[in-house]
Amino acid sequence: MTARKGWIALIASGVGLALIITLFSPFASGSPDGLERVAEDKDFLHHAQGPSFEIIPDYAVPGIDNERVATILSGIIGVLIVAVIGLAVGFGLKRLAASRAEQTHTTDTTTSAPPG
Amino acid sequence: MTIPLLPIYMHIPDGFLSVPVATVMYVITAIIIGAAVRQTNRHLKESTAPLMGVLAAFIFAAQMMNFPVAGGTSGHMLGGALAAILVGPWAAVLIMTTVIGVQALIFQDGGLAALGANIFNMGILTAFTGYAIYRTVVSVLRGTRASMLVGSFAAAWISVMLAALMTSAQLAISDTSPWSVVLPAMLGVHVLIGIGEGLITAGAVGLVLSARPDLLRSATSAVTQKLSSSGYSGESAS
């Protein structure tokens, strides 16, 4: 299956590119972003509430002294998590569509029964 | 030092939105995500599933790269328009939900009560408006390579402005900041941030056009048939 190989290459190069980008994340601007700047200037930043729990707050893996390493590591973790979820949703929906197509095909002569 | 240092970025933290506003945005967002699951499932293209993982990864990484804009401010990419250009608006909604959801749950970026609003502003609104603008520009300019780049830039820039507008409206309705104050401030900053979004989006689309033009063709097949010069033949037969 050349198509499958093509997709694996696409996923590897795309996720690889994302991982390379995270290596530069320590150099991202530390200035407040648009909304934060406006909230500060227009005096409503004090409304902000902190999170009720923390896992990796502020894109820095806790317990790592080197700030850059902590940031890059959080980026790698985030990239891998969203890639896995994105692929799971995409291929899950694909499998669902395939099984539904098969089902409607086999039950074509009868009234198409709802799956389940 | 009374102001706590919070990871706010573009994402609305909890406390900025009133309970009714946050609730309404949750309901609207949930309904649209449900529709997106159904629509993506129904119209899934061969390239959509792998691209969903790739785009989620790329957009997450790109959102970490805050770039400086004027006056000690920074901005970062949203990515909704880019995702919609490549996989269509419905699958883009699922990609953006994944990214923004993980940012809120794992990285405490954006409040949990504000999550519905954040997904709507940064994911749903940008995906649908970005897609509509891109398609319009490309069809008006007859599907040339330049039209795709111009369309990408316009789609990205306008989608950021609309996201800023929507965020301002939610803050105003929540009585967090008056409409007349927050709207010009948000639009003023995002005029510049949107240019960054436009450049990154057009750059990414240009990259895909050179490396894998078939991906753009399958997403916008009706318009871009004319472009079909360099063919990638890895498409499986059904």
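Parameters at a glance
Residues numbered from 1 in each chain as written. Chains lettered and ligands numbered in written order. Predicted model: local features only at pLDDT ≥ 70, side-chain atom pairs only at ≥ 80, totals over all residues. Heavy atoms only, no water. Helix = DSSP H or I, 4+ residues; strand = E, 2+ residues; numbered from the N terminus. Buried < 20%, exposed > 50% of the residue type's maximum accessible area, 1.4 Å probe, protein only. Areas by Shrake-Rupley, 256 points an atom, 1.4 Å probe, with all protein chains shown as cover. Contact = heavy atoms within 4.5 Å. Polar contact = N/O pair within 3.5 Å; in protein donor to acceptor, adjacent residues only side chain to side chain. Phe/Tyr/Trp six-rings, centres within 6.5 Å; stacked < 30°, edge-to-face > 60°. Core = buried A, V, L, I, M, F, W, Y, C linked by side-chain atoms within 4.5 Å. Salt bridge = Lys/Arg side-chain N within 4 Å of Asp/Glu carboxyl O. Axes fitted to C-alpha atoms, helices over the stretch in contact; angles between N-to-C directions. Parallel < 35°, antiparallel > 145°, perpendicular 65-115°, else oblique. Left-handed = near helix turned anticlockwise from the far one by under 90°. Nonpolar A, V, L, I, M, F, W, Y, C, P; charged D, E, K, R; others polar. Patch = residues over 30% accessible without salt bridge, like charges linked within 9 Å, V, L, I, M, F, W, Y side chains within 5 Å. Buried area = accessible area lost by both parts, 1.4 Å probe. pLDDT = per-residue confidence, 0-100.

Draft legend 1. Molecular detail of the overall build of chain A. The helix and strand tally for chain A stands at three helices and zero strands. When burial is assessed residue by residue, chain A has 36% of its 116 residues classed as buried. If you sum the accessible surface of chain A, you get close to 7000 Å²; carbon and sulfur atoms cover 61% of it.

Draft legend 2. Looking closely at helix H2 (residues 34-41) of chain A. Taken across its eight residues, H2(A) has six buried, putting it largely inside the fold. In the core, the buried residues of H2(A) are packed alongside strand E2 (73-75), helix H6 (145-173) and helix H7 (179-211) of chain B. Between a side-chain oxygen at the N-terminus of H2(A) and the backbone nitrogen of A:Leu35 the separation is 3.1 Å; the capping residue is A:Asp33. Just beyond H2(A), the residue with positive phi is A:Asp43, at close to 60°.

Draft legend 3. Highlighting the packing of aromatic side chains. Considering all chains together, one arrives at five aromatic pairs over all chains under this definition. For the pair A:Tyr59 and B:Phe107, a centre-to-centre distance of 5.0 Å together with 15° between the ring planes defines the contact as stacked. Of this pair, A:Tyr59 sits in the loop between H2 and helix H3 (67-106) while B:Phe107 sits in the loop between helix H4 (89-105) and helix H5 (115-140), which puts the two residues in different chains. Grouping aromatic residues by their ring pairs yields a cluster made of A:Tyr59, B:Phe60 and B:Phe107.

Draft legend 4. Molecular detail of the nonpolar core. Core analysis: the biggest nonpolar cluster contains 95 residues, and B:Phe16, B:Leu55 and B:Leu216 have the highest contact counts within it. In terms of residue count, the dominant contributor to this core is H5(B) (13 residues).

Draft legend 5. Up close: the pattern of salt bridges. Residue and element names in this part refer to chain A. Across all of its chains, the model carries three salt bridges over all chains by this definition. In this structure, aspartate 41 and arginine 37 form a salt bridge, with 3.5 Å as the shortest nitrogen-oxygen distance. Of the two residues, aspartate 41 and arginine 37 are both situated in helix H2; the distance of four residues between them amounts to about one turn of the helix. Overall, the relative accessible area of 48% leaves aspartate 41 in the partly exposed class.

Draft legend 6. Highlighting the packing of helix H3 (residues 80-87) of chain B against H5(B). Residues and elements named next belong to chain B. For the pair H3 and H5, the least separation of the axes is 7 Å and the interaxial angle reads 55°. Viewed along their axes, H3 and H5 adopt a mutual orientation that is oblique. Considering the relative orientation of H3 and H5, their crossing is right-handed. Contact with H3, carried on its side by Gly80, Ala81, Ala84 and Ile85, involves Met122, Thr126, Ala127, Gly130, Tyr131 and Tyr134 of H5 and no other residues of that element. Counted by class, the contact of H3 with H5 contains seven nonpolar, three polar and no charged residues.

Draft legend 7. Up close: a nonpolar patch on the surface. Residues and elements named next belong to chain A. Side chains of Ile20, Leu23, Phe24 and Phe27 sit close together on the surface and give an oily, nonpolar patch of about 420 Å² of accessible area. Tracing the sequence through the fold places phenylalanine 27 in the loop between helix H1 (2-23) and H2. Judged by relative accessible area, which is 55%, phenylalanine 27 ranks as exposed.

Draft legend 8. Here's a closer look at the interface of chain B and chain A. Facing 70 residues of chain B, the contacting portion of chain A comprises 59 residues. Surface buried jointly by chain B and chain A totals about 5500 Å² across both partners, of which 73% is contributed by carbon and sulfur atoms. Per-residue buried area on chain B facing chain A is highest for B:Asn41, B:Met64 and B:Phe107; these three make up 12% of the total on that side. Joining chain B to chain A, the criterion identifies one salt bridge. At the boundary of chain B and chain A, one finds 13 residue pairs in polar contact (both at pLDDT 80 or more). Taken together, the elements giving at least two residues each to the side of chain B that touches chain A come down to helix H1 (19-42), helix H2 (48-64), strand E1 (67-69), E2, H4, H6 and H7 of chain B. Ranked by residue count, the leading element in the side of chain B that touches chain A is H2(B), at 13 residues. Its residues assigned to classes, the side of chain B that touches chain A comprises 43 nonpolar, 21 polar and six charged.

Draft legend 9. The confidence of the model for chain A, seen in detail. This prediction gives chain A a mean pLDDT of 88; 90% of its residues lie at or above 70. For chain A, the element scoring lowest by mean pLDDT is H1(A), at 91; H2(A) scores highest, at 93.

Draft legend 10. Structural context of the packing of H2(B) against H3(B). Residues and elements named next belong to chain B. It is the contact of H2 with H3, at a shortest axis distance of 11 Å, that shows an interaxial angle of 165°. Regarding the angle of H2 to H3, the classification is roughly antiparallel. Read as a crossing pair, H2 and H3 show a hand that is right-handed. Touching Thr48, Leu51, Leu55, Phe58 and Ile59 of H2 are Leu82, Ala83, Leu86 and Val87, all from H3. A per-class count over the contact of H2 with H3 returns eight nonpolar, one polar and no charged.

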